[in-house]
Amino acid sequence: MCGSDQAIVTKGSKLSSGVVPEATDANLRPNLPVDAIINLDHGDPTMFESYWRKLGNACTVMFTGYQSLSYFANPKNLCWFLEPKLEEEIKKLHDVVGNATVEGYHIVVGTGSSQLIQAALYALSDPLNEPKPVNVVSATPYYSSYSEVTDFVRSGLYKWAGDAHNFDKDGPYIEMVTSPNNPDGVIREPVVNRAQGMLVHDLAYYWPQYTPITGPADHDIMLFTVSKCTGHAGSRIGWALVKDINVARKMVKFIEINTIGVSKEAQQRAAKILEVISDSCSQTVRPPELDNFFYYSQHLLTGRWKKLREIVKCNGLFTLPKFPLQYCNFTGDFTKAHPAFAWMKCKEDVDCEKLFRGHKILTRSGKRFGSDPKYVRISMVSRDEEFDLFVRRLSTIHEIANGN
């Protein structure tokens, strides 16, 4: 029924304790003015706040004045600034979720995945000693920051070369493979597939709340980030699983020169959070009051996507991607993807980003992703009050006249 606010709960998305999260908790939903500007341009993962509030002090980490004085976390480790506890919890979480192989890989921690992208580009291109910068490509619609990150410092080692579908130059190249893809949530494979190609797999969203986990990824370089996994974007912690020791060593060198390592306090906090998430998924360790984090988050996103699809179906002016039903090894059930972003297309020949801005909804234009201005990327992981106001406002858009 059009306009229904009911959320569905699939078998695979039930909470471990059987408790449905209260999306209407007044403490988490301050009233927004009806004419407020809704910023859904950024993927700021504040949706997860309700889960972490329920845990109270369970993730509190205390530091004394004499701790974390040294640059070094483990001088014997290849990544000498990686905190041992964080390394342990990263391995444990991947094992629990089953989304990536860790055996035989080197873990490199970074200040978010943005720094790790730059480190990977440096590590792959520097040893080649090419007379011209190595081309970096990604298939459209590609993550909007790839081009900016690649060309920001105008490096002589690598440069942005655009859409992988149109790449036809000889020589070595680096292809960024984002899976699930940002912005459209589609599972991706490499596009160019040439002998001199080097791949970086950005798997920031390969977690059960966003997509079915169909098997452990085992690519040469795999990037993950706390912000997309747990919602703690402000901690700025990401990690790379790197198969080749020489590439890992080069990435560590980049971070050493760039920031002389990564904050120990942020690493310790991230380690505690990952530990709590792993425990929440355990049948033996999990306290009865602790909901499975991924089931809880999946439930929230499932409800939001259902509301959005109902509104889109009713107004008939927009379209959304459709995702196949797949078996998820983590949930043990068939489910569909519920991405962190909605890749929405306007059926009329208008600039969709401008259209939404006219309704005080800030989105990111498809042009930023190498695509058409008919598309926009809309964050699905904002706070409840922002998302609810967005869908209510979207339901009022009944016609588009003269591009307005």
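See the structure shown above.
Residues numbered from 1 in each chain as written. Predicted model: local features only at pLDDT ≥ 70, side-chain atom pairs only at ≥ 80, totals over all residues. Heavy atoms only, no water.

Here we look at the overall build of the protein
Quick note on the threshold: Working definition: helices are DSSP H or I runs of at least four residues, strands are E runs of at least two. Numbering for both runs from the N terminus. We take the radius of gyration over the C-alpha atoms and set the globule estimate at 2.2 Å times the residue count to the 0.38 power. When a residue's accessible area, from a 1.4 Å probe over protein chains only, is under 20% of the maximum for its type it is buried; when over 50% it is exposed; and in between it is partly exposed. Any two residues having at least one pair of non-hydrogen atoms within 4.5 Å are treated as being in contact. Positive charge is attributed to Lys and Arg, negative charge to Asp and Glu, and no charge count is given to His or to the chain ends. One atom stands in for each charge, and that atom is NZ of Lys, CZ of Arg, CG of Asp or CD of Glu.
Counting its secondary structure elements, the protein contains ten helices and 15 strands. At 21 Å, the protein has a C-alpha radius of gyration in line with the 22 Å of a compact globule built from 404 residues. The C-alpha extent of the protein, read off along each of the three principal axes, is 60 × 55 × 40 Å. Taking all 404 residues of the protein together, the buried fraction comes to 54%. Of all intrachain contacts in the protein linking residues separated by at least 6 positions in sequence, the fraction that spans at least 24 positions is 74%. One way to put it: in the protein the 45 positive side-chain charges average out to a point 2 Å from where the 45 negative ones average out.

Let's talk about the sheet that holds strand β3 (residues 134-138)
To keep it simple, the criterion reads: Whether two strands pair depends on DSSP finding at least two bridges between them. Convention adopted: a line fitted to C-alpha atoms gives each axis, helices being fitted over their contacting stretch, and angles between N-to-C directions are expressed from 0 to 180 degrees.
With mixed pairing, the seven strands of this open sheet are ordered in space as β2-β8-β7-β6-β5-β3-β4. The sheet is open, and its two borders are formed by β2 (106-110) and β4 (158-163), each paired with just one other strand. Put simply, the sheet's adjacent strands are angled 25 degrees from each other on average, direction ignored. Bridge analysis of strand β6 (residues 197-202) against strand β7 (residues 221-225) gives two bridges, and the strand direction is parallel. The residue bridging H201 from the neighbouring strand is M222, located in β7. Strand contacts of helix α3 (residues 112-125): β2, β3, β4, β5 (173-178), β6, β7 and β8 (238-242), with the helix running at about 165 degrees to β7, the strand carrying the most contacts. Running over the sheet, helix α6 (residues 245-259) touches β2, β7 and β8 and is turned about 20 degrees from β2.

Describing the pattern of salt bridges
Worth spelling out the cut-off: Salt bridges are defined by distance alone: a side-chain nitrogen of Lys or Arg within 4 Å of a carboxyl oxygen of Asp or Glu.
All told, the structure shown has 18 salt bridges when counted by the stated rule. In this structure, the salt-bridge partner of K85 is E275, at a minimum N-O distance of 3.6 Å. Of this pair, K85 sits in helix α2 (residues 84-97) while E275 sits in helix α7 (residues 264-280), and the two are 190 residues apart along the sequence. One network of salt bridges, with partners in common, ties together K85, E88, E89, K92, K272 and E275.

Thoughts on the packing of aromatic side chains
For clarity, the cut-off: For Phe, Tyr and Trp, rings pair up if their centres lie within 6.5 Å, where Trp contributes its six-membered ring, and each pair is then called stacked (planes under 30 degrees apart), edge-to-face (over 60) or tilted (otherwise). Geometrically, a lysine NZ or arginine CZ counts as sitting over a ring once it is within 6 Å of the ring centre and also within 35 degrees of the ring normal.
One pass over the structure, following the stated rule, counts 26 aromatic pairs. Note on Y51 and F293: the rings are 5.1 Å apart at their centroids and 80 degrees apart in plane angle, and the pair reads as edge-to-face. Separated by 242 residues along the polypeptide, Y51 in helix α1 (residues 49-54) and F293 in helix α8 (residues 293-315) bring together distant segments of the chain. With respect to class, Y51 is no different from F293; both count as buried. Through a chain of ring-to-ring contacts, three or more aromatic side chains come together here, namely F48, Y51, W52, W207, F224, W239, F293, F294, Y295, Y296 and F330. Residue placement shows R377 over the ring face of F341; its charged tip is 3.7 Å from the ring centre.

Concerning unusual backbone geometry
Along the chain, T140 connects to P141 via a cis peptide bond; the corresponding omega equals -5 degrees. The peptide bond linking S179 to P180 adopts the cis configuration, its omega dihedral lying at -5 degrees. Although it is not a glycine, N129 sits at a positive phi angle of roughly 55 degrees. You can see N129 is positioned in the loop between α3 and β3. With a relative accessible area of 67%, N129 lands in the exposed category.

Overview of α7
As a reminder of what qualifies: Expected helix span is taken as 1.5 Å per residue step, with the number of steps being one fewer than the number of residues. By the criterion applied in these results, polar contacts are pairs of N or O atoms within 3.5 Å in which, for protein atoms, one can donate a hydrogen and the other can accept it, and in which residues neighboring in sequence qualify only through two side-chain atoms.
Taking 1.5 Å of rise per residue, the 17 residues of α7 would be expected to cover 24 Å, and the 24 Å separating its terminal C-alpha atoms lies within 8% of that figure. In terms of residue burial, α7 counts as a mostly covered element, since twelve of its 17 residues are buried. Taken as a whole, α7 has its buried residues at K264, A266, Q267, A270, A271, I273, L274, E275, V276, I277, S278 and S280. Sitting at the amino-terminal end of α7 is S263, which places a side-chain oxygen 3.4 Å from the backbone nitrogen of E265.

Here we look at a nonpolar patch on the surface
The condition is simple: Exposure above 30% relative accessible area and no salt bridge define the residues that can form patches, which grow by joining like charges within 9 Å and nonpolar side chains of Val, Leu, Ile, Met, Phe, Trp and Tyr within 5 Å. Per-residue and other accessible areas follow the Shrake-Rupley method at a 1.4 Å probe size, with only the shown protein chains counted as cover for residues.
Together, Y71, F72 and I260 make up an exposed nonpolar region whose accessible area comes to about 340 Å². Tracing the backbone shows I260 in the loop between α6 and α7. For I260, a relative accessible area of 46% translates into the label partly exposed.

Here we look at the pairing of β3
We count it as follows: By the criterion used throughout, a crossover qualifies as right-handed when its path from the first strand across the helix to the second strand runs clockwise, the strands pointing away from the viewer.
Across the five residues that make up β3, a large majority, five, are buried. What you see with β3 is no split at all: V134, V136 and S138 on one side and N135 and V137 on the other are buried throughout. With respect to chirality, the unit in which β3 leads through helix α4 (residues 145-151) into the neighbouring parallel β4 is right-handed. Note that β3 and β5 share three bridges and pair parallel.

Focus: the nonpolar core
In summary, soluble globular proteins display a tendency toward joint burial of nonpolar side chains. How we decide: To define a nonpolar core, start from buried Ala, Val, Leu, Ile, Met, Phe, Trp, Tyr and Cys residues and group those joined through side-chain atoms within 4.5 Å.
Counting residues in each nonpolar core, the largest one holds 114 residues, and the members touching the most others are F318, F356 and F390. If one sorts the elements of this core by residue count, α8 sits on top with ten residues. Excluding its chain neighbours within four sequence positions, the residues that come into contact with F390 are I38, L40, L308, F356, I361 and I378. Formed by six residues, the second largest nonpolar core is a distinct cluster that contains A139, F167, Y173 and V192.

A word on the sheet that holds strand β9 (residues 318-319)
Taken in spatial order, the four strands of this open sheet run β9-β12-β15-β14, and their pairing is antiparallel. Each edge of the sheet is formed by a strand with only one pairing partner; in this case those strands are β9 and β14 (364-365). In the sheet, strand β12 (residues 341-346) pairs with strand β15 (residues 375-379) via five bridges, with the strands oriented antiparallel. The residue of β15 that forms the bridge with A342 is I378. Seen against the sheet, α8 touches β9 and β12 and runs at an angle of roughly 5 degrees to β12.

Honestly, it's all geometry; don't read function into it.
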